[in-house]
Amino acid sequence: MNILVYRWNSYNYIDIIATFQSMGHQVDVIEQELESYDEDESFAARLHGILQQKNYDFVFTVNYFAVISGVCQQMGIKYVSWSCDSPLLSMYHKNVFLDCNYFFLFDKTNYLEFKGMGVKHIWHLPLAVDTNRLDELFAQDTMDKMQLAETDSGNASKHSVRDFAGGISFVGNLYEKNSYDELETRFPEYLRGYFDAVMEAQLNISGGNIIEPMLTADILERVSEYFELKKSKDSFSDLGLVFATTVLGFKTASLQRQRALLALVAKFPVNLYTNTGGDTLLRVKNCGSVDYWSEMPKVFHYSKINLNFTIPNIKSGLPLRIFDVLGAGGFLLTNYQAELPDYFEIGKDLACFESEAELVEKCSYYLTHEEERQQIAKNGYEKVKNCCSYRKRLKFMLEKIGEE
C-alpha cells in the first residue's frame, strides 16, 4: 500500500510509521503546523496537490483533523484516524460523518458514543508498544555502561548512562498551569463551591467519570457568563463537553497527581520527571524532563515502581503510558480503568489502586516484595509483547479497512 501520513507532535508516530514500513508498505510524510484542525486553506491546497500527484490508498493521522477529512472526501481517498487522546474535541465536527473516514478509537466509551451518533466506519482499538525498539535501547544502554566502567574518566559516555534508578517514579504532566485556576477568581462563591465538590467526588471515584453529567443546564447557564465557548462554525461540541474536558478535567488531574505524590513522599522517596514545574511538592525529587525515546523507557525499566494516573477525561480507555511502562519491563501501579481487565490480569501483569490510601499501601507492599514485583513486571512485559504490538494493532486496522 501507499500511505500518506500527516505527522504532528504525537509520540507514537515513529513506531507507527516504522511498523507500516516493516509490513511492506510505502509511507510518505507531510508535516505542517495548522492554523486550525478544522480549516486551513493553505494546508488543504497543499494536501490536495500531493494527493493528485500519487495514488495513495489512504491518508493516516494520529487523532482527527476535519480539514484532512474534507480534502480526502473531495478526492475520493480514505482517511484513517487512530486516537491517542480522549475525548477528541476535533471529532465533534460535521465532517466526522463523511464516508471517507475510518476511525479507530482507544477509549471504548468514546467509540460507543460516536457509533451511537451514526458514524459509519468506526472501531475500538487500544494503543500499543514496540518492545523490540525498547529491547534494542536497553541492549545499547548495557554496552554504554560497560564502556563507562572501562573508561578512566567516564566523560565520553556520561550523558548516555544518566542514572534513572529509583524507588517510586512518576513521569508526566502535573497540569499546574490550568484554565480553572485562571477562571476561579472570577466565579461567584456558589460556582466555586459546586466545582470543588464535583472534583472532590471525581477524585473518590475509580474507573468512571461524573464531571460532565454534573454540569446541569442551570450550572452551564451560569458558567457561560464567565467562560467563552470558542469553536468553528461546523463544530457541534457544546459548553458542557468543552468545560468538563479543558477546565475541570485538567484541574482534577492536577489535584489527583499532586496529592498522591505528597501522600507517598511522606513515607517513601519519590522521583518526579516532568517539564511542568513540581517545585511546590516539597521533598519530591524533581528530576526534570526526560526524552520520550531515549530516556523515559530507562526510568520505567530501572525504577522499582512506576505510577500512572489516568486523566479523568479518558473515561474507560488505557493511556499510552500503561503500554510504555510495561513495554520497558517496568513494574506498573496504575489507577483503575474500566478497560484494564479486558487486556491485563490485575495483580499478575500490573498492580492497581482505587484510592489514595490504597496507593500508599500498595507502594509499601511492593517495595518490600521484590521477587513478586519483578515477576509482575516480567508478566506485564510478556503480555504487551505478545498481545499489544503495533504490528497486531495495524494488522487489525488494515483488515477492517479492507473489509469495508
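See the structure above.
Residues take numbers from 1 onward in each chain, read along the sequence in its written order. Only residues with pLDDT of at least 70 get local features here, since the model is predicted, and only at 80 or more are side-chain atom pairs given and counted; chain-wide, interface and lining totals rely on the full set of residues. Values shown for side chains rest on all heavy atoms present in the structure; no hydrogens or waters enter the calculation.

1. As for the pairing of strand 10 (residues 303-308)
Here comes step 1: Only protein chains enter the accessibility calculation, which uses a 1.4 Å probe; a residue whose area is less than 20% of its type maximum is buried, one above 50% is exposed, and one in between is partly exposed. To qualify as a helix, a DSSP run of H or I must reach at least 4 residues; to qualify as a strand, a run of E must reach at least 2; elements of each kind are numbered from the N terminus. For strand 10, the tally of buried residues reaches five of six residues, placing the bulk of the element in the interior.
Here comes step 2: Bridge count for strand 7 (residues 166-171) against strand 10 is three bridges, and the pairing is parallel. If you follow serine 169 over to strand 10, its bridge partner there is asparagine 306.
Here comes step 3: By this definition, two strands are paired if DSSP reports at least two bridges between them. Both strand 10 and strand 11 (residues 332-335) contribute to a ladder of three bridges, which runs parallel. By the bridge assignment for strand 11, asparagine 308 is matched with threonine 334.
Here comes step 4: In this region the chain leaves strand 10, passes through helix 11 (residues 320-327) and returns to the parallel neighbour strand 11; the handedness of that crossover is right-handed. If the strands point away from the viewer and the path from the first strand over the helix to the second runs clockwise, then the crossover is right-handed.

2. Examining helix 9 (residues 239-265)
Here comes step 1: Expected helix span is computed as 1.5 Å times (number of residues minus one). Its 27 residues place the ends of helix 9 38 Å apart at the C-alpha level, agreeing with the 39 Å of an ideal helix rising 1.5 Å per residue.
Here comes step 2: What the bend at a residue measures is the angle between two axes, fitted to the seven residues ending there and to the seven starting there. Leucine 248 marks where helix 9 bends most, by close to 35 degrees.
Here comes step 3: For helix 9, the tally of buried residues reaches 22 of 27 residues, placing the bulk of the element in the interior.
Here comes step 4: Polar contact is the term for a pair of N or O atoms within 3.5 Å; when the atoms are in protein, one must be able to donate a hydrogen and the other to accept it, and sequence-neighboring residues count only if both atoms are side-chain atoms. Between a side-chain oxygen at the N-terminus of helix 9 and the backbone nitrogen of glycine 240 the separation is 3.3 Å; the capping residue is aspartate 238.

3. Re the nonpolar core
Here comes step 1: Take the buried Ala, Val, Leu, Ile, Met, Phe, Trp, Tyr and Cys residues and link them wherever side-chain atoms come within 4.5 Å; each set so joined is a nonpolar core. Phe20, Phe60, Trp82, Phe104, Phe344 and Met397 are the most contacted members of the largest nonpolar core, which totals 55 residues.
Here comes step 2: In this analysis, two residues are considered to be in contact whenever any of their non-hydrogen atoms come within 4.5 Å of each other. When neighbours within four sequence positions are excluded, phenylalanine 20 is seen to be in contact with Ile3, His25, Val27, Phe58, Phe60, Leu394 and Leu398.
Here comes step 3: Membership of the second largest hydrophobic core comes to 32 residues, among which are Leu4, Phe65, Tyr92 and Leu105.

4. Some remarks on the packing of helix 11 against helix 14 (residues 370-387)
Here comes step 1: Axes, fitted as lines to C-alpha atoms, cover a helix only where it is in contact. Angles between the N-to-C directions of the axes lie from 0 to 180 degrees. One can describe the packing of helix 11 onto helix 14 by two numbers: an axis separation of 8 Å at closest approach and a directional angle of 115 degrees. As the angle between them shows, helix 11 and helix 14 are arranged roughly perpendicular. In terms of crossing hand, the pair formed by helix 11 and helix 14 is left-handed. The residues of helix 14 that touch helix 11, namely those facing Phe323, Leu326 and Gly327, are Gly380, Tyr381 and Val384.
Here comes step 2: Residues are sorted three ways: Asp, Glu, Lys and Arg are charged, Ala, Val, Leu, Ile, Met, Phe, Trp, Tyr, Cys and Pro are nonpolar, and all the rest, Gly among them, are polar. Among the residues making up the contact of helix 11 with helix 14, the classes are represented as four nonpolar, two polar and no charged. We call two directions roughly parallel when the angle between them is under 35 degrees, roughly antiparallel when it is over 145, roughly perpendicular when it lies between 65 and 115, and oblique otherwise. By convention the crossing between two helices is left-handed if the near helix lies anticlockwise of the far one by an angle smaller than a right angle, and right-handed if it lies clockwise.

None of the figures reported here should be taken as evidence of function without further support.
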